Amino acid sequence: MAETTTEFDAIVVGAGFSGLYMLYELRRRGLTARVLEAGSDVGGTWYWNRYPGARCDVESLDYSYSFDEDLQQEWKWTERYPAQPEIQRYLAHVADRFDLRKDITFDTRVVAAHYDTPSATWTVRTEAGDRLTARYCILATGCLSVPKAPEIPGLDDFRGPVYHTATWPESGVDFSGRRVGVFGTGSSGVQAIPMIAQKAGHVTVFQRTPAFSVPAFNGPLDPEWEREIKTNYAERRRQNRASEAGIVRGDNPQSAHDVDDEQRQREYESRYTKGGFGILGAYADLMADQRANDTVSDFVRQKIRERVTDPEVAERLLPWEYPLGTKRICVDTDYYETFNRDNVTLVDLRRDALETVTANGVRTARGEVELDCLVLATGFDAMTGAVNRIDIRGRDGAVLAEKWGAGPRTYLGLGTAGFPNLFLLAGPGSPSVLTNMVTAIEQHVEWTGRCIEHLRTHGYRTIEPTVEAEDGWVDHVNEVASMTLFPKAASWYLGANVPGKPRIFMPYAGGFATYEKQCDEVAEQDYRGFALK
Ligand code: NAP
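Model, not experiment: these values are computed from the prediction.

A. Region of interest: the overall build of the protein. Scanning the protein for helices and strands turns up 16 helices and 20 strands. Against the 2.2 N^0.38 benchmark of 24 Å for 533 residues, the protein shows a C-alpha radius of gyration of 23 Å, consistent with a compact globule. When the backbone C-alpha atoms are referred to their principal axes, the protein occupies close to 70 × 55 × 45 Å. Counting the 533 residues in the protein, one finds 59% classified as buried.

Spelled out as structure tokens, the structure:
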């Protein structure tokens, strides 16, 4: 695009799971739309996070679109948990199958979106200087799409290559025989470390906070299971949407205190051996009651001890500083077993403090480790990072990043007062990252599509949340979070991983089904809490 101004009904920022479906939904309702995507292809988070081992921790049959019966029947997943290349192929297939690419501009980063009150339109500006205008601006920018600055002293002095898991080279990295240092033991590190260790000469893991990780028991997708799901896919999807996590995981309504220790151990064992995070659904109060959570945290800590041969190494891998689940639980393949390999060393930065990265490696209180390359699996400026880095201005020139200076403020995570016709998909204040993201995305896209149709049918030019409704929702999100154990962890849910970021629990912890019900009620009550003009 040369420096032109082009008009659309809607502009969508981002072509990941949410942006692609949003485009489909807008088109289906007869609107013109343009999707602007910084990457060179569809995929969003899954386009950028192509590090070795990158894989979804939600099962493939659930981590996929439900909006088209033929699509969900014809697509064949190969594994229980899909790996990044397969998800990328899936999203490319969706884009081709529904001819979405013709309305997507790739390699285009949005830098600004300004609202003009007299015309009630948004003007979106790209890094290349192009301008597009539209009545609606929809941010499908992803919850985990902006890597956070690693804040590791001396990093710029390092002479070898430095790779971040979230901006992995498309051509891959050959670690053969190399001495690799890894920072970060969250989901990305837990997945990448075992894969890198298989190739590298030596891997040194610099661990700041240990993870709670449970095995995936991944494998080829069981054809029987696939047949069973596909025979009545609509019912499976309905159950996902009727659940609190956006996914069927057999949530048990009992308290962990209702049963004796032996019964609890049996329940945890049975869920643990099935793989994945179903263990979180073992009892209803695991995320709300510290003593209940202690029982499952102890169980998983014991499993970690059993998986690691050297008891001293095992002790260093045990998380004690937060309750299980309050930082996103990791789902792994051979993570702990990797520390049994001769070519892997664990440096516990809690006991062996990091001093600096040097030209040739990493120096800690106990000396310098020489390294050929570094891998950073250090996480994201989550949930608000991608929104705040766009210069978004609403009515009267209000700057969104300033409005959100003390933490994000939204109504239902869908919109924010002072910014008419701006829609957030899976925005802060919605369940998003605490649930199956695809379930959450589908619900937001469909709600937004219906809302826009409502505006057009009834001749409204604008919609935006009222300040009162937004204040009420922000209070509600905080109140619900305070009833859980989540605030006990210095997690990215709270913004605690980014120095200086306000500590506000950003996702809605009230559960997906409860949340969807509230969104539907708002719509049915003529968009209660929104001002329509
Ligand atoms: P993360 O969970 O934020 O983990 C970042 C890791 O880097 C933490 O261990 C953190 O330690 C460490 N770290 C950060 N800055 C550091 C520093 N300056 N020095 C030393 N260590 C540092 O990030 P992530 O692993 O990329 O995962 C983010 C989220 O993405 C996940 O929680 C999940 O929701 C999603 N994800 C999902 C999958 C999947 O589906 N399987 C895979 C990858 C990611 P501290 O804990 O001490 O801060």
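B. Spatial organisation of the sheet that holds strand β9 (residues 202-207). Strand order across the open sheet formed by 5 strands is β7-β16-β8-β9-β12, with parallel pairing between neighbours. Strand pairing shows two members of the sheet lacking a second neighbour, β7 (162-164) and β12 (344-348), which therefore form its edges. Across the sheet, the mean angle separating the axes of adjacent strands is 20 degrees when strand polarity is ignored. Direction of pairing for β7 relative to strand β16 (residues 373-376): parallel, over a ladder of 3 bridges. Paired with Val162 across the strands is Leu374, a residue of β16. Contacting β8 (179-183), β9, β12 and β16, helix α5 (residues 187-199) runs over the sheet at an angle of about 155 degrees to β9.

C. Inspection of the layout of surface pockets at higher detail. Volume-wise, the second largest pocket comes out at about 740 Å³. Arg249, Met287, Leu434, Phe486 and Ala509 are the residues nearest the centre of the second largest pocket, which is lined by 34 residues in total.

D. Layout of the pairing of β12. Burial runs high along β12: 4 of the 5 residues are buried. Direction of pairing for β9 relative to β12: parallel, over a ladder of 5 bridges. Along β12, the bridge assignment pairs Phe206 with Val347.

E. Seen up close, empty space enclosed by the protein. What the rule picks out here adds up to 5 cavities of 30 Å³ or more. Put simply, the largest cavity is a space of about 80 Å³. Lining the largest cavity we find Pro408, Thr410, Pro428, Gly429, Trp473, Val474, Val477, Asn478, Ile504, Phe505 and Met506.

Thresholds applied
Residues numbered from 1 in each chain as written. Predicted model: local features only at pLDDT ≥ 70, side-chain atom pairs only at ≥ 80, totals over all residues. Heavy atoms only, no water. Helix = DSSP H or I, 4+ residues; strand = E, 2+ residues; numbered from the N terminus. Rg over C-alpha atoms; globule rule 2.2 N^0.38 Å. Buried < 20%, exposed > 50% of the residue type's maximum accessible area, 1.4 Å probe, protein only. Pairing = 2+ DSSP bridges. Axes fitted to C-alpha atoms, helices over the stretch in contact; angles between N-to-C directions. Contact = heavy atoms within 4.5 Å. 1 Å grid on protein atoms, 1.4 Å probe; cavity = no way out; pocket = protein on both sides within 12 Å on 5 of 7 lines; lining within 4 Å. Points joined across faces, edges and corners; volume = space filled by probe spheres on them.

In short, geometric facts, not functional conclusions.
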